[in-house]
Structures are given as structure tokens and as C-alpha cells.
Amino acid sequence: MPLYWTNTLIARPTTCRHNVICRTCNRVAAPLTVDVIAGRVDDPRVVPGPALACRALSCRAGGRVIIEDLTLEFAPAERVALMGPSGSGKTTLLTTLAGLLPPAKGRVLVGGVPLDEQPELRAGLALVFQSYGLLSLLTAAENVEVALRAAGRPPREAVRLTAGALERLRVARFAGHLVEELSGGQQQRVAVARALALRPRVLLADEPTAEQDAGHRAVVLDELLAVTDDGTTLVIATHDPEVAERCDRVIELRTVSRHRSESRP
Ligand SMILES: Nc1ncnc2c1ncn2[C@@H]1O[C@H](COP(=O)(O)OP(=O)(O)OP(=O)(O)O)[C@@H](O)[C@H]1O
């Protein structure tokens, strides 16, 4: 017998402050509230709580404030495009949300739990790095398998999941090739395959289609968007309006960085 939730679905965004413009918010004067009387827990329209959130988050890089006092929530199964000019802080924000860069202030919460209190929650997050983050002296398949083994998957399952993910991203024929022998676009697809194979609850992807030709761009995007069918939250940093078009929400970052000496105490 399925479980049911009674809940209130708040159309995003929840909060837009300071350095964030939410296009949805620009059109809607106040957050739109939709009452959901009942729904199955696996119904992606029902939001039991944010899968990922940041509260009063500030990030610094190179002595400058890059993100300031940012509060955001990402719902289960939500597809969010993170846009903004080069240097506006998309990579900094994704890296911080993934728990790889400590915030200067504020918190990242995974399923409502502060990430700094339970670092093991990082296991539910995967990041497709802008620069791929592959081990160049391993093969494409080894890169994916190593990540799966590190995540605790048994060897045979790791091999099976790796083969499936490389196939879906059209890089199966390069499985035994060293990463350094692959083109940028092929490496990027291996990086996407690695993140997908991990089956995270939240998938963060930093310009994952930037190196792709039109055909492979469609493949990468379709595979990324498909993860939300199982309730995974997807956040994609992109400069591509067509990628943003296929998301539920667009968050745009402005460049507001200032030097440490100019920042508030
Ligand atoms: N390690 C670092 N040291 C110094 N400055 C940094 C560092 N990392 C990032 N920055 C600066 O932080 C700002 C934001 O960089 P970030 O890479 O987050 O932007 P972005 O929006 O992802 O840009 P792009 O669209 O070009 O990828 C930039 O001005 C960058 O120069």
C-alpha cells in the first residue's frame, strides 16, 4: 500500500536576495502557493522538503566575496538552471553546494541536515566538474568504476553500472582508452557518465554540454534531465538558453564581488 503525504507545494523560488535574480520571481509578485491535498510520496509534484538548500550562504575566492547572503532551496525532482555571466560565481556556488568548498558564512543543508554536521551526506551529491575532474592516466571505464567502488558498490555492480553509463553517454567504445587520449567532449561525457552512475539524490553539473556538438549535446542533456524522473534534483550551470528552457526554474547570478576590505563585518 503506497504511503501518502499531505503537503503544500510552494512554487519556487522560496527566497531571492541580493546577488540572485530569479526569472520566475520577476514575473510573480509573491511566491505562488499551490495546495496539494494528497499525493503519493513518489509523486515528484509532492515536495516533502528541499533536497538541497543553502541558508545565508557567503563564499569567497581569492580574497573576494563571490556569493553573498544567498538562501535557496531545491526540491526533489526539480530541474534548475544556474545562469549568469562568466565570473559571476556559478562554479563557486556548485562547488560549495557539493560540499567541496567550505562556505565563508552560512550553511548548506542536504535533506534539511547541515552538511558541515554530517559530511557523509556528501555521498548523496554528485558534481560534474567544469574541467571534468578525471584521472588522466586511468581509462574511461576505470574512472567511473573507481568512483563507484569509493561509493561502496561491489566490484561486479560497479562494472555493470559503468558499462551502462558509458553506453548511455555514447562513450562505450572508449571504455578502455586512457582519458588523456580522449577529446574534450568525450572526456566531458565520461565525467557525466560517472556522475550518473553514482545515482545521486542531487546532481550538480557545471556546464556539462559546453564541449558537445549538437548531437551529443542532446544526448547529454536528455540523460541529465532523465534523472529527475526518479526524484533526483538536478542543478545545471549553463550559458545555453536552450538548456535553461528545459528546466523548471532559472536562477541567474549577478557579478557583485568586492574586495575583502570592502565587505561588511
Ligand atoms: N581559486 C580562486 N582564486 C581566486 N579567484 C577565484 C578562484 N576561483 C574563482 N575565483 C574567482 O571567483 C569568481 C567566480 O568564479 P566562478 O568560476 O565561480 O565563475 P563562473 O560563473 O563559474 O564563471 P564561468 O561562467 O566563466 O565558468 C571569478 O571572478 C574568479 O576569478
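As a convention, each chain's residues are numbered from 1 in the sequence order in which they are written. Residues qualify for local features only when their pLDDT is at least 70, as the model is predicted, and side-chain atom pairs are given and counted only at 80 or more; totals for whole chains, interfaces and linings, by contrast, use all residues.

S.K.: So, helix α5 (residues 184-197): which residues are in play, and what are the values?
M.R.: We count a stretch as a helix when DSSP gives it H or I for four or more residues in a row; a strand needs E for two or more, and each element gets its number in order from the N terminus. One fewer than the residue count of a helix, multiplied by 1.5 Å, yields its expected span. The end-to-end C-alpha distance of α5, which contains 14 residues, comes to 20 Å, matching closely the 20 Å that a straight helix rising 1.5 Å per residue would cover. The burial criterion counts other C-beta atoms lying within 10 Å of a residue's C-beta, which is placed from the backbone; the residue is buried at 20 or more, exposed at 12 or fewer, and partly exposed between these limits. Burial analysis of α5 places 12 of its 14 residues in the buried class, which makes it a mostly covered element. Among the residues of α5, Gln186, Gln187, Gln188, Arg189, Val190, Ala191, Val192, Ala193, Arg194, Ala195, Leu196 and Ala197 are the ones counted as buried. Residue arginine 199 follows α5 closely and has a positive phi angle near 50°.

S.K.: Please provide a residue-by-residue account of the site of the ligand, values included.
M.R.: Only the C-beta atom matters for this test: placed from the backbone, it must lie within 6 Å of a molecule or strand for the residue to be near it. The full set of residues close to the ligand is Ala61, Gly62, Ile66, Gly84, Ser86, Gly87, Ser88, Gly89, Lys90, Thr91, Thr92 and Gln130. Counting residues per element, the shell around the ligand draws most heavily on helix α2 (residues 90-97), at three residues. Taken together, the residues of the shell around the ligand sort by class into two nonpolar, nine polar and one charged. Classification convention: Asp, Glu, Lys, Arg as charged; Ala, Val, Leu, Ile, Met, Phe, Trp, Tyr, Cys, Pro as nonpolar; all other residues, Gly among them, as polar.

S.K.: Explain helix α6 (residues 214-226) to me, using residue names and the numbers behind them.
M.R.: Counted at 1.5 Å a residue, the expected span for α6 with its 13 residues is 18 Å, and the 18 Å between its end C-alpha atoms agrees. For α6, the full list of buried residues reads Val220, Leu221 and Leu224. Burial along α6 is one-sided: seen end-on, the buried residues are contained in an arc of 95°. Those residues of α6 that are exposed and aimed more than 90 degrees away from the buried face are Gly215 and Asp222. We call two residues in contact when the distance between their C-beta atoms, placed using the backbone, is within 7 Å. The inward-facing, buried residues of α6 contact α5, β10 (202-206), β11 (233-237) and α7 (241-245). The arc in question is the one traced by the directions running from the helix axis out to the C-beta atoms.

S.K.: Could you give an account of the pairing of β10, with specific residues and numbers?
M.R.: Counting buried positions over the five residues of β10 gives five, a clear majority of the element. Burial along β10 is two-sided: the residues Val202, Leu204 and Asp206 and Leu203 and Ala205 are all buried. Pairing between strand β9 (residues 125-128) and β10: four bridges, direction parallel. If you follow leucine 125 over to β10, its bridge partner there is valine 202. Bridging between β10 and β11 involves five bridges; their strand directions are parallel. Considered in β11, the bridge of aspartate 206 is made with alanine 237. With the strands pointing away from the viewer, any crossover whose connection runs clockwise from the first strand over the helix to the second is right-handed. On the question of chirality, the crossover connecting β10 to the parallel β11 by way of α6 is right-handed. Pairing between strands is defined by DSSP: at least two bridges between them are needed.

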